[in-house]
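What the coordinates show
The chain contents come next:
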Amino acid sequence: MLDYWTYRKVLKLYCLEANVPVIATHGLRHSTSELYMAHGATRDDLRILFAHSDNSVTDRYVHDRGSRLEKVAHQIRLFPSGTKMEQNGVLGLKQCSSST
């Protein structure tokens, strides 16, 4: 089994060799969580992946801050395309929520 310090040293060497910013091992966990969330994973998926026993720990890895919800809101429309309501400027959830 590879110990933490050896892993960290090798990771640093790989970063330097690839000419990318050096990232710590914990930073990889955050990057992984962001990639998983960007591709549809839920907070519960991350909790299982990272073997967290409590959701509050997993919440530290969720950096979404509503951007996924905003993407969904763009896709969901209150009124289907071509209806009178859309033609009158009532387009979707984002427009309705911004007025509150």
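Further up the page is the structure itself.
Given the structure is predicted, the values throughout are model-derived calculations rather than measurements.

Examining helix α2 (residues 25-38)
Structurally, the α-helix is built with 3.6 residues per turn, so residues lying three or four positions apart point the same way. Compared with an ideal rise of 1.5 Å per residue, which puts 14 residues at 20 Å, α2 spans 20 Å between its outermost C-alpha atoms and is within 8% of the ideal. For α2, the set of buried residues is T25, H30, S33 and M37. Along the long axis of α2, the arc covered by the buried residues comes to 160°, so they all point the same way. Facing away from the buried side of α2 by more than 90 degrees, the exposed set consists of L35 and A38. Two residues or fewer past α2, G40 is found with a positive phi of approximately 105°.

Concerning the pattern of salt bridges
Considering all chains together, one arrives at two salt bridges under this definition. R43 is the partner of D59 in a salt bridge, and the nearest nitrogen-oxygen pair spans 3.0 Å. Taken together, the residues D59 in helix α4 (residues 55-59) and R43 in helix α3 (residues 43-49) connect sequence positions 16 residues apart. Notably, a salt bridge pairs D44 with R47, separated by 4.0 Å at the nearest N-O pair.

Concerning helix α1 (residues 4-18)
With 15 residues, α1 should reach 21 Å at 1.5 Å per residue; the first-to-last C-alpha distance of 21 Å fits that figure. Structurally, the start of α1 carries an N-cap: the backbone nitrogen of W5 is 3.1 Å from a side-chain oxygen of D3. Following α1 by one or two positions, N19 has its phi on the positive side, about 60°.

Here's the deal with the environment of L28
Structurally, the position occupied by L28 is in helix α2. With a relative accessible area of 28%, L28 lands in the partly exposed category. Residues within four places of L28 in sequence aside, it is in contact with Y7, L11 and I23.

Parameters and conventions
- Residues numbered from 1 in each chain as written.
- Predicted model: local features only at pLDDT ≥ 70, side-chain atom pairs only at ≥ 80, totals over all residues.
- Heavy atoms only, no water.
- Helix = DSSP H or I, 4+ residues; strand = E, 2+ residues; numbered from the N terminus.
- Expected span 1.5 Å × (residues − 1).
- Buried < 20%, exposed > 50% of the residue type's maximum accessible area, 1.4 Å probe, protein only.
- Arc of directions from axis to C-beta.
- Salt bridge = Lys/Arg side-chain N within 4 Å of Asp/Glu carboxyl O.
- Polar contact = N/O pair within 3.5 Å; in protein donor to acceptor, adjacent residues only side chain to side chain.
- Contact = heavy atoms within 4.5 Å.

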